[in-house]
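Observations on the model geometry
One-letter residues, chain by chain:
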Amino acid sequence: VPPLPAEPVGNSPAMQILRAKVEQAAQHESPVLITGESGNGREALARFIHSRSARKGDFIVLDHSRLEGENVRTYLLGQERDNEGQPGVFDLAMGGTLFLGEIQRIPPDARRIINQVLESSQFVHEGGAGRRALSCRVIASGSADLADLAHRDPSLEQLYYRLNVLALGIPPLRERGDDVPDLVRFY
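Residues numbered from 1 in each chain as written. Predicted model: local features only at pLDDT ≥ 70, side-chain atom pairs only at ≥ 80, totals over all residues. Heavy atoms only, no water.

**Observations concerning the nonpolar core**
Of all hydrophobic cores here, the largest spans 31 residues; its most connected members are Leu 76, Phe 90, Leu 100, Ile 103 and Ile 106. Where this core is concerned, the elements lending two or more residues are helix H3 (72–77), helix H4 (89–92), strand E5 (97–100), helix H5 (108–120), strand E8 (137–142), helix H6 (146–152) and helix H7 (154–163). For this core, the element with the highest residue contribution is H5, accounting for 5 residues. Ignoring anything within four residues of it in the chain, the contact list for Ile 106 reads Leu 62, His 64, Leu 67, Leu 100, Arg 111, Ile 114 and Leu 159. (Core = buried A, V, L, I, M, F, W, Y, C linked by side-chain atoms within 4.5 Å. Buried < 20%, exposed > 50% of the residue type's maximum accessible area, 1.4 Å probe, protein only. Helix = DSSP H or I, 4+ residues; strand = E, 2+ residues; numbered from the N terminus. Contact = heavy atoms within 4.5 Å.)

What follows is the structure, encoded as structure tokens:
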């Protein structure tokens, strides 16, 4: 697997515009929604935004394989056990950034939980009683046709509109041929 670039690669006019928008987005705490075609570097762009932000915590990537089955609430919210707790994704992202990749692939049950947490900016561990304030930035990504998909699925539509505060679209490579030499040099 090739390494992720430390910053957006390319100097085409489209990438210069995107780079300027990314610098602005990094200075805000609002959710960011990155759209683009598969393989265009949405996660790399999210990591770049995190690295340029004031957030010093970790960059946590939502693991889609853990969103199926009966343990989805525990994976997302964490769990209280005796005197110990099992941290959830929102705990791990505290002080940092939570990256929700391919939001159109997140199962509806998990979307509802994520929506509830984002709406209230709080969550409760499974088996716990105390509310925890959410203190992480959320950056999400989805396919180029995410808006169309959201209009057909109410649970995706809610998540889409909650995350679509600062929108960044990565232009496809076919529209920025000038970037091919820079990409070849990088890889």
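Further notes follow.
**What to know about the sheet that holds strand E1 (residues 32–35)**
Here we have 5 strands laid out as an open sheet, ordered E2-E5-E8-E1-E9, and parallel in their pairing. Each edge of the open sheet carries a strand with a single partner, namely strand E2 (59–61) and strand E9 (166–169). Taking each pair of neighbouring strands and ignoring which way they run, the sheet shows an average axis angle of 20°. (Pairing = 2+ DSSP bridges. Axes fitted to C-alpha atoms, helices over the stretch in contact; angles between N-to-C directions.)

**A closer look at the pairing of E5**
Taking every second residue as pointing to the same face, both faces of E5 are buried, with Thr 97 and Phe 99 on one and Leu 98 and Leu 100 on the other. Where E2 meets E5, 3 bridges bridge the pair, whose relative direction is parallel. Each bridged residue has a counterpart across the sheet, and for Ile 60 the counterpart in E5 is Leu 98. Across 4 bridges, E5 lies against E8 in parallel orientation. Bridge pairing in E8 places Thr 97 opposite Arg 137.

**Section: H7**
All of the buried residues along H7 are Ser 155, Leu 156, Leu 159, Tyr 160 and Leu 163. Down the axis, H7 shows its buried residues gathered within 135° of arc, on one side only. Looking at the packing, one finds that the buried side of H7 touches E1, E5, H5, E8, H6 and E9. (Arc of directions from axis to C-beta.)

**Side note on the pattern of salt bridges**
Tallied over the full model, the rule gives 11 salt bridges. Taking the shortest distance from any N to any O, the salt bridge between Arg 42 and Glu 102 comes out at 2.2 Å. In this pair, Arg 42 is assigned in helix H2 (residues 42–52) and Glu 102 in the loop between E5 and H5, connecting sequence segments 60 residues apart. Taking the relative accessible area as the measure of exposure, Arg 42 reaches 8% and is therefore buried. Residue Glu 126 pairs with Arg 73 through a salt bridge whose shortest N-O separation is 2.9 Å. Here Glu 126 is found in the loop between strand E6 (122–124) and strand E7 (131–133), whereas its partner Arg 73 is found in helix H3, with 53 residues between them in sequence. We classify Glu 126 as partly exposed; its relative accessible area is 25%. (Salt bridge = Lys/Arg side-chain N within 4 Å of Asp/Glu carboxyl O.)

**A closer look at the packing of aromatic side chains**
In the structure shown here, the tally under the stated rule is 3 aromatic pairs. Arranged with centres 5.8 Å apart and planes meeting at 25°, the rings of Phe 59 and Phe 99 form a pair that is stacked. Linking Phe 59 in strand E2 with Phe 99 in strand E5, this pair joins segments that are 40 residues apart in sequence. For the pair formed by Phe 59 and Phe 99, the shared burial category is buried. (Phe/Tyr/Trp six-rings, centres within 6.5 Å; stacked < 30°, edge-to-face > 60°.)

**Some words on the confidence of the model for the protein**
If pLDDT is low for a region, its predicted coordinates should not be looked at in detail. With 97% of its residues at a pLDDT of 70 or more, the protein has an overall mean of 90. Mean pLDDT in the protein bottoms out at strand E4 (residues 84–86), which sits at 81, and peaks at E5, which reaches 97. (pLDDT = per-residue confidence, 0-100.)

**Re the packing of H5 against H7**
Across the interface, H5 lies against H7 with an axial gap of 9 Å and an inter-helix angle of 35°. You can see that H5 and H7 cross each other, and the crossing is left-handed. Residues Pro 108, Arg 111, Arg 112, Ile 114, Asn 115, Leu 118 and Glu 119 of H5 lie in contact with H7, whose contacting residues are Ser 155, Leu 156, Gln 158, Leu 159, Arg 162 and Leu 163. Partitioned by chemical class, the residues of the contact of H5 with H7 number 6 nonpolar, 3 polar and 4 charged. (Left-handed = near helix turned anticlockwise from the far one by under 90°. Nonpolar A, V, L, I, M, F, W, Y, C, P; charged D, E, K, R; others polar.)

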